[in-house]
Structure formats: structure tokens, C-alpha cells
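Spelled out from the first residue to the last, the chains are:
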Amino acid sequence: MNSSITIVTAFFDIGRGTWTSSKGYSPHLERTAETYIDYFKNLSTLDNEMIIFTSSELKPKIEEIRAEKKTTVIVFDIQNKFKNIKDRIKKIQHDDDFRDKLEKRQLINPEYWSADYVLVCNLKAYFIKKALELNLVSNEMIAWIDFGYCRTPEVTRGLSHWDYPFNKNKVNFFTIKRGLNPKTIDDVFEHMINNRSFIIGGAIVATQAKWQEFYKLVRYCQIKTLQNNIVDDDQGIFIMCYYLNPQLVQLNHLGKNRWFYLFKMYGKKDLQTFMLRFKILLRGK
């Protein structure tokens, strides 16, 4: 295994293009599939190995974007595979007991009304596990990066290849606030219900072995959350993971509300890019 990082991600069109303000949705929620494809083009500039799960109609487009870069695109039917889980999520979202716990201002957030959104957000560790089962990963280190994480070209900081000496003994989370310290499981559920953001869901980095361990913890947390008649996206689940097993986790701070600072704070210019730029400078003399 080499020192690079394999990036795993996924994209499924859950209909966000129809979440328009004219239909009563918050304006910031509307994003078409093409919007996400444009975001992905920024991430795809990295030449890291990528494994991408998606639907059949999007596979050719994603492969075209990645061109000659090392990429595996896997067609996956989440609606069929996770129908029962989705139905369970939807039932809780429509349950009066659950909705009465929420502040009215939170009801606009999709984790409280879109079963598709909650389902997709909670499949990140599952897709890593799937990529490992299919023997698709060439590197020891694996990063989940959201398909639409790089909303502008500047997010990747001009890197051609992403690498960083992350702690191999931990699952590396990234935070936008300091002071996360849930003392009881009720504190965790309060974070979920009040939508308090500390850990971002857009990026996680760990070794193959730590991802396997993390998947089991995530699954346990997801089941426990459903058993308590609560649903949440990945951020709440990750807070529960941290509460239950803080020794497994390292919190890497991005800065206050700096959701998209991953490559700025935890990236380094690769030697190949440096040498290429150095040669260009020499030619100009």
C-alpha cells in the first residue's frame, strides 16, 4: 500500500431540484443534479483514486468527468436495497411525538421531513464497507468526501493530488466548533433534535481497519436512534459515535463555521506539482 488517500463518495438524485421556494421550501435547499455534477467537477480535478456509487443514468457522465484518472463507478439501487429502512425513517418523521420535540424553526430542515435525504446521509460508512468488500481500494487510507463538497474550484486549493499524515490510529472527524462534550445519551439526542452542528458530515478519513471498526459503531448508533423514535442526518450520528467511543475518534478543527476548509487546513502541495512549477519558472528565465 502507498501513502496516498483513496476517496470514496456517492451521488443519488433525491429530487432536490424540485425543492423550490415557490413550493414553500427554504431557498438554500434547491440544488439540481446538474448543480451537484458541477460541484463534483471541482473535486474530480484531484488525481487520487476514487470510488463512486451512483445510479445507472449518472454513471457515464461521472466516468466522462474523471476521464483517464483512476476511478471505479458502481451502480447501486438504494431505493430497493434500503426500502424498509426508508419506510421506518418516514414513519418517524411523520410521528407527532417526534415532531413535537422539534423547534418550529427546525421543521424546514430536510433531515426532519425527507426520508431520502436522511437515508443517503447515513450511508457513508456503508459505502466504504462496500468498497472494501469489493476489493476496490488500493490504499491504506480512505476518505469519505461528499460528492458536492467542493462547491468552488478554490476548495481544493489547486492541489493535483491530496495527501496528509492523518492519525492512523483514529477515525478523523472535522469540526466547525470547539467544545463538543456530550455527557449523556440524552445530551446526544438533544444535539440531534436541536440540530446543533459540530462535526461536519462532508469528510471523514481513516485507515481500512479503522473504517471497519467505525462502520459497526455507526450502525449501532443508527439503530439506537431509530429505536428512540428519532431520525437525524450523519452529523448527529457522528456525535453519538464520539460520545460512545471517544478513543476511536480524533476531532480536527477546521475553524469556526469553515465547512469547506478541509484541503486548506489538511492538505499539502505534492512534490510532483512543485517540481513542475519549478521547471516552468526556470524556462521563463
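One can find the structure itself at the top, above this paragraph.
To keep things clear, this report deals only with the structure shown in the data block. (Residues numbered from 1 in each chain as written. Predicted model: local features only at pLDDT ≥ 70, side-chain atom pairs only at ≥ 80, totals over all residues. Heavy atoms only, no water.)

Using the criterion set out here, one finds 13 salt bridges in the structure. Taking the shortest distance from any N to any O, the salt bridge between Arg105 and Glu103 comes out at 2.6 Å. Here Glu190 makes a salt bridge to Arg196, at a shortest N to O gap of 3.2 Å. On the basis of relative accessible area, Glu190 is assigned to the partly exposed category, the value being 35%. (Salt bridge = Lys/Arg side-chain N within 4 Å of Asp/Glu carboxyl O. Buried < 20%, exposed > 50% of the residue type's maximum accessible area, 1.4 Å probe, protein only.)

In this structure, strand β2 (residues 50–54) lies alongside strand β3 (residues 71–75), joined through five bridges in parallel fashion. For Ile51, the partnering residue across the bridge sits in β3 and is Thr72. For the crossover from β2 across helix α2 (residues 59–66) to β3, the handedness is right-handed. (Pairing = 2+ DSSP bridges. Helix = DSSP H or I, 4+ residues; strand = E, 2+ residues; numbered from the N terminus. Right-handed = clockwise from strand over helix to strand, strands pointing away.)

Once that is clear, we can look at the environment of Asn135. With respect to the element layout, Asn135 can be found in the loop between α7 (124–133) and β4 (141–145). For Asn135, a relative accessible area of 67% translates into the label exposed. Considered as a pair, Asn135 and Ser4 are 131 residues apart in the sequence and their alpha carbons are 17 Å apart.

Our next topic: the nonpolar core. Phe53, Phe76, Phe127, Phe173, Trp211, Phe214 and Phe238 are the most contacted members of the largest nonpolar core, which has 55 residues in total. In terms of residue count, the dominant contributor to this core is helix α9 (residues 208–227) (seven residues). Once residues lying within four places of it in the same chain are set aside, the contact partners of Phe173 are Ile199, Ile204, Phe214, Phe238, Val249, Gln250, Leu251 and Asn252. By size, the runner-up hydrophobic cluster in this structure holds 35 residues, among which are Leu43, Met141, Phe147 and Tyr149. (Core = buried A, V, L, I, M, F, W, Y, C linked by side-chain atoms within 4.5 Å. Contact = heavy atoms within 4.5 Å.)

Moving on: the packing of helix α1 (residues 33–43) against α2. At their nearest, the axes of α1 and α2 sit 10 Å apart, and the two run at 25° to each other. Considered as vectors, α1 and α2 are oriented roughly parallel to each other. Read as a crossing pair, α1 and α2 show a hand that is right-handed. Contacts between α1 and α2 pair Glu34, Ile37, Phe40 and Lys41 from the former with Lys61, Ile62, Ile65 and Arg66 from the latter. Taken together, the residues of the contact of α1 with α2 sort by class into four nonpolar, no polar and four charged. (Axes fitted to C-alpha atoms, helices over the stretch in contact; angles between N-to-C directions. Parallel < 35°, antiparallel > 145°, perpendicular 65-115°, else oblique. Left-handed = near helix turned anticlockwise from the far one by under 90°. Nonpolar A, V, L, I, M, F, W, Y, C, P; charged D, E, K, R; others polar.)

The next point concerns the side chain of Thr175. Of note, Thr175 is situated in strand β5 (residues 171–175). Leaving out residues up to four positions away in the same chain, Thr175 has contacts with Phe198, Ile199, Leu251, Asn252, His253, Leu254 and Gly255.

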